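Structural overview for review
So you can see what is in the structure, the chains are spelled out below.
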Amino acid sequence: SAAFAQAATVDTLSVWSASMNKGVEVVVVVPDGARTKTGPAYPVLYLLHGYSGYAANWLQVKPELVQLAERDSVIVVCPDGKNSWYWDSPVDPSMRYETFVSQELLRDIDARYHTRADRSGRAITGLSMGGHGAMWLSLRHKDRFGAAGSTSGGLDIRPFPDNWEMKKALGEKADNPKRWDDYAAINQIDSIANGDLALIIDCGYGDFFAEVNRNFHDKLMERGIDHDYIVRPGVHDGLYWNNSIDYQWLFFKKFFDRGR
């Protein structure tokens, strides 16, 4: 009975962002023992939501995250990224979500909990817009993240110039074609070499992002960058993500275990 008394708990935080001059809501799944700075440190998985999502979104998609976090001693961090695509917008100076996630949030979580505060103990993934965000952030900040994933990710934004409020962050594609090239996750692949990151991407056969995921995989192959690439039945929905995160969780757990 004592063993069953120990369970991960869920914190809802307001993490201050100096770059945006506001508090950002962050949901954190905290295994028992991760609140004190004693014993083994805990790895952290950052989980990013999709367009129109919010901080608690992943816990609704996958309620079992609480049990998984406790079983495998992993802290799970879910920030509210609004509809930012996790960029620092060149158009809107109040939208600084790359800076927030890659710097401000990491500092706060490492100060607040007993984390493995280096890249061997940090992974990042997300769904849809969050899959793009995870690739964007990890490829640009491989000194901070050691592993990254994407499930049903919008890994190349350029085929979708009028969708999901991206032009609010980047301006019209027709007026800013180079900017749209530069802010696509697929065009950050050249910034890494094989072995820099442990990578896993997946997408359903019936997903409208299936082609851009295949293109992302092809570019990684052309660059000789090892990665897991999974295509399975499914579309762009919660049923797919509830299943796909199990495979990514295993991938990240193995990555964390190698760094112990």
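Up top you'll find the structure we're talking about.
Keep in mind the model is a prediction, meaning the values are calculated, not measured.

A look at the environment of Gly-154
For Gly-154, the position within the fold is in the loop between β6 (147-151) and α6 (166-170). You can call Gly-154 buried: its relative accessible area is 1%. Along the backbone, Gly-154 and Tyr-183 are 29 residues apart, and their C-alpha atoms lie at a distance of 12 Å. Setting aside residues no more than four positions away along its own chain, Gly-154 makes contact with Trp-85, Ser-128, His-132 and Phe-209.

Here's the deal with the packing of aromatic side chains
Enumeration over the complete set of coordinates arrives at 12 aromatic pairs. Considering the side-chain rings of Phe-160 and Phe-209, the 5.2 Å spacing of their centres and the 85 degrees angle between planes classify their relative orientation as edge-to-face. With Phe-160 in the loop between β6 and α6 and Phe-209 in the loop between β7 (198-204) and α8 (210-222), this pair connects stretches of sequence that are 49 residues apart. In this structure Phe-209 comes out as buried when scored by relative accessible area, which is 1%. The rings of Trp-85, Trp-87, Trp-136, Phe-160, Trp-164, Tyr-183, Phe-208 and Phe-209 are connected pair by pair, giving a single aromatic cluster. Geometry around Tyr-247 places Arg-232 over its ring, the cationic atom sitting 4.3 Å from the centre.

Here we look at the pairing of strand β5 (residues 122-126)
Of all 5 residues making up β5, 5 are buried, and the element is well covered by its neighbours. In terms of strand pairing, strand β3 (residues 44-48) meets β5 through 5 bridges, oriented parallel. Bridge pairing in β5 places Leu-47 opposite Thr-125. As paired elements, β5 and β6 share 2 bridges and run parallel to each other. Bridged to Ile-124 within β6 is Ala-148. Each parallel crossover has a hand, and for β5 linked through helix α5 (residues 129-140) to β6 it is right-handed.

Some points on the packing of helix α3 (residues 65-72) against helix α9 (residues 238-258)
For the pair α3 and α9, the least separation of the axes is 12 Å and the interaxial angle reads 20 degrees. By the angle between their axes, α3 is roughly parallel relative to α9. Crossing angle aside, the handedness with which α3 passes α9 is right-handed. Two secondary-structure elements touch here, α3 through Leu-65, Leu-68, Ala-69, Arg-71 and Asp-72 and α9 through Asp-246, Trp-249 and Lys-253. Looking at the contact of α3 with α9 residue by residue, the class counts come to 4 nonpolar, no polar and 4 charged.

Cut-offs applied
- Residues numbered from 1 in each chain as written.
- Predicted model: local features only at pLDDT ≥ 70, side-chain atom pairs only at ≥ 80, totals over all residues.
- Heavy atoms only, no water.
- Helix = DSSP H or I, 4+ residues; strand = E, 2+ residues; numbered from the N terminus.
- Buried < 20%, exposed > 50% of the residue type's maximum accessible area, 1.4 Å probe, protein only.
- Contact = heavy atoms within 4.5 Å.
- Phe/Tyr/Trp six-rings, centres within 6.5 Å; stacked < 30°, edge-to-face > 60°.
- Lys NZ or Arg CZ within 6 Å of the ring centre and 35° of its normal.
- Pairing = 2+ DSSP bridges.
- Right-handed = clockwise from strand over helix to strand, strands pointing away.
- Axes fitted to C-alpha atoms, helices over the stretch in contact; angles between N-to-C directions.
- Parallel < 35°, antiparallel > 145°, perpendicular 65-115°, else oblique.
- Left-handed = near helix turned anticlockwise from the far one by under 90°.
- Nonpolar A, V, L, I, M, F, W, Y, C, P; charged D, E, K, R; others polar.

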